Amino acid sequence: MPADPTATAPRAPAPKAARPACRAEPRYVLGRLLPFLVIVLSALADVLTSPEERFDRFLIAAPALAAATWSARGTAAIGGLAMATSAALAAARGDSLVPAALANQIVLAVVALAAAVSSHVRQRREAELRQVSAVAEAAQWAVLRPLPARLGTVDLRLLYEASAAGAHVGGDFYKALKVRDGVRIMLGDVQGKGLPAVEAASLLLGSFREAAYTAPDLPAIAQRLEASMARYAERAPESDAADRFSTVLLAEIPDDRPVIRLLSCGHPAPVVLRDGAVETVELSAPSVPIHLPVPVDEPFTVEEVPFGPGDRLLMFTDGVTETRDARGAFYPLEQRLAAWADEPADRIPGLLREDLDRFGAHGLEDDTTALLVVRDGAGGPVSPLPSLPRAVAV
């Protein structure tokens, strides 16, 4: 999450209806068995101790516990079992008609009925929650769809982790599109978290999807991103998303030249892995973040760097590099990538995810995105590299 200067692979299964909590979890199984355990233990204690002890009073806990994991009918059945056990114990003591025993039966019946009603309400709310979760999951995947494994002359490998519990989409966003002469990629990070960050990300994704096919170059795409956020702020000034700025990294990989063009709007520079050596791309003049509320007249600068067959480039958000260990040290991304130079590209996102989780003092606390772009030259002819300018201001 970028700091505010005015104040800093998803795993994408097809959307499907969410299911109740995993029925195979040991805690769930224990919860299902607990009412029966209460009945058995209460009966044994009542039989094995003196009649004055009256352990059958604990049978009342059985239907109450059942309401947490059993259906309404199951809860009622367990309540009936508790009542039958109480009656059997009273008969064994010879006091089945004693007022205390009858009162115990009445109390058990009332508790069983209340527990069955509670179970019914719980089930209904769980069904509503499953429906809402299914709709939310589908909506989230509509905002950020999984990337294809291959576009044009490049392979794409993604790590995406939203920091919010239960969320598939956060303030980080990405998109890669095959255009007429190559591939265009956007990766970014919206200021802040929560639904306003997701809303701002969806606006930028929609703008990029439209601009990537028609804009003549990366600066034109950046200008359209800026214009889209400005128009939205005018239409909906009350929205929290209208106040969010975003860091963005745009990339363009032509099919016929071994280069990659990069334009950074306040976003961290990517890292290139070439011939076993790791190097951070030097961004000579990055632009300010998109929709930053300050006047900016500087031109957009496009960096053009070599990117030939076999080269790898890692684009990432600051959720990667700003992960700290218990001593406060930042994650050594270049060092880790150098150690993984011989690993297949498919393994890099998983290795990075596991390593970040181990390295971080509290795991992954921010939205975390890393996109590995691999140039293999199989998607079309790649001409030899001519002399290249390092940067072009537009």
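Because the structure is predicted, anything quoted here is derived from the model rather than measured.

Before going further, it helps to spend a moment on the pattern of salt bridges. Under the counting rule described, the total for this entry stands at 17 salt bridges. Close ionic contact of arginine 261 with glutamate 304 constitutes a salt bridge, the shortest N to O distance being 2.7 Å. Here arginine 261, found in strand β6 (residues 259-265), pairs with glutamate 304, found in strand β9 (residues 301-306); they are 43 residues apart in sequence, far enough to count as distant. Judged on exposure class, the residue arginine 261 and its partner glutamate 304 are both buried. The shortest N-O distance in the salt bridge between aspartate 355 and arginine 358 comes to 3.4 Å. Taken together, the residues span about one helical turn, with aspartate 355 and arginine 358 both in helix α9 (residues 348-359) at a distance of 3 residues. You can call arginine 358 exposed: its relative accessible area is 59%.

Moving on, we get to the sheet that holds strand β11 (residues 368-375). In spatial order, the strands read β1-β2-β11-β10-β7-β8; together these 6 strands make up an open sheet with antiparallel pairing. Unpaired on one side and paired on the other, β1 (150-151) and β8 (277-280) mark the two borders of the sheet. Examined bridge by bridge, β1 and strand β2 (residues 154-161) share 2 bridges and lie antiparallel to one another. Opposite arginine 150, over in β2, you have aspartate 155 as the bridge partner. Against the sheet, α9 contacts β2, β10 (312-316) and β11, and its axis sits at roughly 25° relative to β2.

Evaluation of the coordinates by the stated rule reveals 4 aromatic pairs. Ring plane angle 75° and centroid distance 5.8 Å describe the contact between phenylalanine 36 and tryptophan 70, whose orientation is recorded as edge-to-face. Note that phenylalanine 36 is positioned in helix α1 (residues 26-48) and tryptophan 70 in the loop between α2 (61-66) and α3 (72-93), a separation of 34 residues in sequence. Both rings, one in phenylalanine 55 and one in phenylalanine 58, keep their centres 6.0 Å apart while their planes meet at 25°; by these two values the pair is stacked. Residue class for phenylalanine 55 comes out partly exposed when judged on its relative accessible area of 24%.

Another aspect to go through is the pairing of β8. Across 4 bridges, the pairing between strand β7 (residues 271-274) and β8 is antiparallel. Across the sheet, the residue bridging to valine 272 is glutamate 279, located in β8. Once β7 ends, the chain turns through 2 residues before running back antiparallel as β8, passing aspartate 275 with a positive phi of about 55°.

On to the pairing of β11, then. Burial within β11 is extensive, with 8 of its 8 residues counted as buried. Every second residue of β11 is oriented toward a common face, with Thr368, Ala370, Leu372 and Val374 on one face and Thr369, Leu371, Val373 and Arg375 on the other, all of them buried. Relative to β11, β2 is paired through 8 bridges, and the arrangement is antiparallel. From the neighbouring strand, leucine 158 faces β11, where its bridge partner is leucine 371. As paired elements, β10 and β11 share 5 bridges and run antiparallel to each other.

This part covers the nonpolar core. By size, the foremost hydrophobic cluster in this structure holds 59 residues, and its most contacted members are Phe173, Ile185, Leu225, Leu250, Met315, Leu371 and Val373. No other element matches the 8 residues that helix α5 (residues 194-214) contributes to this core. Those residues within four positions of valine 373 in sequence are excluded, and the remaining contacts are Val154, Asp155, Leu156, Ile185, Ile253, Phe307, Asp311, Arg312, Leu313 and Met315.

A few words on the packing of α5 against helix α6 (residues 218-235). Direction vectors running N to C along α5 and α6 enclose 140°, while the axes themselves pass 9 Å from each other. As summarised for this structure, α5 and α6 are arranged oblique, according to the angle between their axes. Between α5 and α6 lies a crossing of right-handed hand. Only Ile221, Arg224, Leu225, Ser228, Met229 and Tyr232 of α6 make contact with α5, whose side of the interface consists of Glu199, Ala200, Leu203, Leu204, Ser207, Phe208, Glu210, Ala211, Ala212 and Thr214. For the contact of α5 with α6, a count of residues per class yields 10 nonpolar, 3 polar and 3 charged.

Overall, the prediction assigns the protein a mean pLDDT of 83, with 82% of residues at 70 or greater. Low pLDDT, under 50, characterises residues 3-23; the stretch is placed with 37 contacts to residues that sit more than four places away or in other chains.

To continue, consider the environment of glutamine 335. Among the structural elements, glutamine 335 can be located in helix α8 (residues 333-339). We classify glutamine 335 as exposed; its relative accessible area is 56%. Along the sequence, glutamine 335 and valine 278 sit 57 residues apart, while their C-alpha atoms lie 8.1 Å from each other.

Parameters and conventions
- Numbers given to residues run from 1 along each chain, matching the order in which its sequence is written.
- Totals for whole chains, interfaces and linings use every residue, but because this is a predicted model, local features are given only for residues with pLDDT of at least 70 and side-chain atom pairs only at 80 or more, for both listing and counting.
- Side-chain metrics in this entry use all non-hydrogen atoms of the structure; hydrogen atoms and water are not considered.
- Salt bridges, as used here, are contacts in which a Lys or Arg side-chain nitrogen is within 4 Å of a carboxyl oxygen on Asp or Glu.
- Helix and strand assignments follow DSSP, with helices taken as H or I runs no shorter than four residues and strands as E runs no shorter than two, numbered in order from the N terminus.
- Buried, partly exposed and exposed residues are distinguished by accessible area as a fraction of the type maximum, computed with a 1.4 Å probe on protein chains only: under 20%, between the cut-offs, and over 50%, respectively.
- Paired strands, in this sense, are two strands between which DSSP finds at least two bridges.
- Throughout, a contact is declared for two residues whenever any of their heavy atoms are within 4.5 Å.
- Note on definitions: angles span 0 to 180 degrees between N-to-C directions of axes, and those axes are lines fitted to C-alpha atoms, for helices only across the stretch in contact.
- Stacked, tilted and edge-to-face are the three classes applied to pairs of Phe, Tyr and Trp rings, where Trp contributes its six-membered ring and a pair requires centres within 6.5 Å; stacked means planes under 30 degrees apart, edge-to-face means over 60, and tilted covers the rest.
- Residues grouped as a nonpolar core are buried Ala, Val, Leu, Ile, Met, Phe, Trp, Tyr and Cys residues, joined through side-chain atoms within 4.5 Å.
- For classification purposes, an angle smaller than 35 degrees is called roughly parallel, one larger than 145 roughly antiparallel, one from 65 to 115 roughly perpendicular, and anything else oblique.
- Handedness of a helix crossing follows the sense of rotation of the near helix relative to the far helix, less than a right angle counterclockwise being left-handed and clockwise being right-handed.
- All residues other than Ala, Val, Leu, Ile, Met, Phe, Trp, Tyr, Cys, Pro, Asp, Glu, Lys and Arg, Gly among them, are scored as polar; the first ten of these are nonpolar and the last four charged.
- pLDDT gives the predictor's per-residue confidence on a scale running from 0 to 100.

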